[in-house]
Structures are given as structure tokens and as C-alpha cells.
Amino acid sequence: MLTDFEDATHQDSRNLISPDPSPNTVPQPNIMKPVSLSSRIFKIEWLGQTIASLSWIISIPVYGNYEAGDWLQLLAASAWFIANIASLFSEDGC
């Protein structure tokens, strides 16, 4: 059995999650507008990370030293770059 306080709290939290629509409105589905590829590319977050990962990739051959650590750095930078490119084509965007 709920106390008056628990009953009021339960009703309040239920209203916060999904308020009852008024009788004159029909709930609309939550449809996200598609985001264009160019608007994703020119987001400062994506652009900054991509430039950083490309710079890291380019710095390895410019430096000219190919020891084990350099190959691991190249692998990490390449994975970062590939993840950035893949985020352009994901459902939730970047």
C-alpha cells in the first residue's frame, strides 16, 4: 500500500517521463532530421580530431625513425583516423 507521499511522488515521476497528452493533440513520433555529410565534416570537434590524427600519421614518416614504438604510434593514429571517418556514416552522427 502506498502512502500519500509515495503516491504523489510516483505520479509526479510518471508525469515527468511521459506527460499525458491533452485530448486535442495526437502524439508525434520522435523523428530525428538527417544531418548532411558536409555539416558533420565541418563540426569543430570532428575537424579537430581528424586534423590531429592525420598530423600524427604524417609525422611518423617525416621523423624517419621506424622502431617498434613508431609502428605502434602509426597504428594508433591510423585507428583514430579510421574511427573519425566511420563516425561520419554512423546513425547517431558525430
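Residues numbered from 1 in each chain as written. Predicted model: local features only at pLDDT ≥ 70, side-chain atom pairs only at ≥ 80, totals over all residues. Heavy atoms only, no water.

Here the focus is the overall build of the protein. In terms of regular secondary structure, the protein is built from 4 helices and 0 strands. Counting from the amino terminus, helix and strand elements in the protein follow one another as α-α-α-α. Of all 94 residues assigned to the protein, the portion counted as buried reaches 14%. In the structure as shown, the protein presents an accessible area of about 7,900 Å², 66% of it carried by carbon and sulfur atoms. (Helix = DSSP H or I, 4+ residues; strand = E, 2+ residues; numbered from the N terminus. Buried < 20%, exposed > 50% of the residue type's maximum accessible area, 1.4 Å probe, protein only. Areas by Shrake-Rupley, 256 points an atom, 1.4 Å probe, with all protein chains shown as cover.)

This part takes up the side chain of Asp70. With respect to the helices and strands, Asp70 occurs in helix H4 (residues 68–88). No salt bridge forms around the buried Asp70; measuring N to O, its nearest opposite-charge neighbour Arg40 is 33 Å away. In contact with Asp70, other than residues within four places in its own chain, are Ile60 and Asn65. (Lys, Arg positive; Asp, Glu negative; His and termini not counted. Salt bridge = Lys/Arg side-chain N within 4 Å of Asp/Glu carboxyl O. Contact = heavy atoms within 4.5 Å.)

This part takes up H4. Compared with the 30 Å implied by 1.5 Å per residue over 21 residues, the 31 Å span of H4 between its first and last C-alpha is a close match. Taken together, the buried positions of H4 are occupied by Asp70, Leu74, Ala77, Asn84, Ser87 and Leu88. One side of H4 holds all its buried residues, which, seen down the axis, span an arc of 155 degrees. Projecting away from the buried face of H4 at angles above 90 degrees are the exposed residues Ala68, Leu72, Leu75 and Ile82. In the core, the buried residues of H4 are packed alongside helix H2 (37–41) and helix H3 (44–63). (Expected span 1.5 Å × (residues − 1). Arc of directions from axis to C-beta.)

Attention now moves to the packing of H3 against H4. Interhelical geometry of H3 versus H4 gives an angle of 150 degrees and a closest axis separation of 9 Å. For the element pair H3 / H4, the angle class is roughly antiparallel. Here the hand of the crossing between H3 and H4 comes out left-handed. Contacts between H3 and H4 involve Trp46, Gln49, Thr50, Ala52, Ser53, Leu54, Trp56, Ile57 and Ile60 on the former and, on the latter, Asp70, Gln73, Leu74, Ala76, Ala77, Ser78, Trp80, Phe81, Asn84, Ile85, Ser87 and Leu88. (Axes fitted to C-alpha atoms, helices over the stretch in contact; angles between N-to-C directions. Parallel < 35°, antiparallel > 145°, perpendicular 65-115°, else oblique. Left-handed = near helix turned anticlockwise from the far one by under 90°.)

Glancing now at a nonpolar patch on the surface. Nonpolar side chains collect at one region of the surface, where Leu54, Ile58 and Val62 lie side by side and expose about 290 Å² of accessible area between them. Note on placement: Ile58 falls in helix H3. Residue classification places Ile58 among the exposed positions, given a relative accessible area of 52%. (Patch = residues over 30% accessible without salt bridge, like charges linked within 9 Å, V, L, I, M, F, W, Y side chains within 5 Å.)

Geometry only, nothing functional implied.
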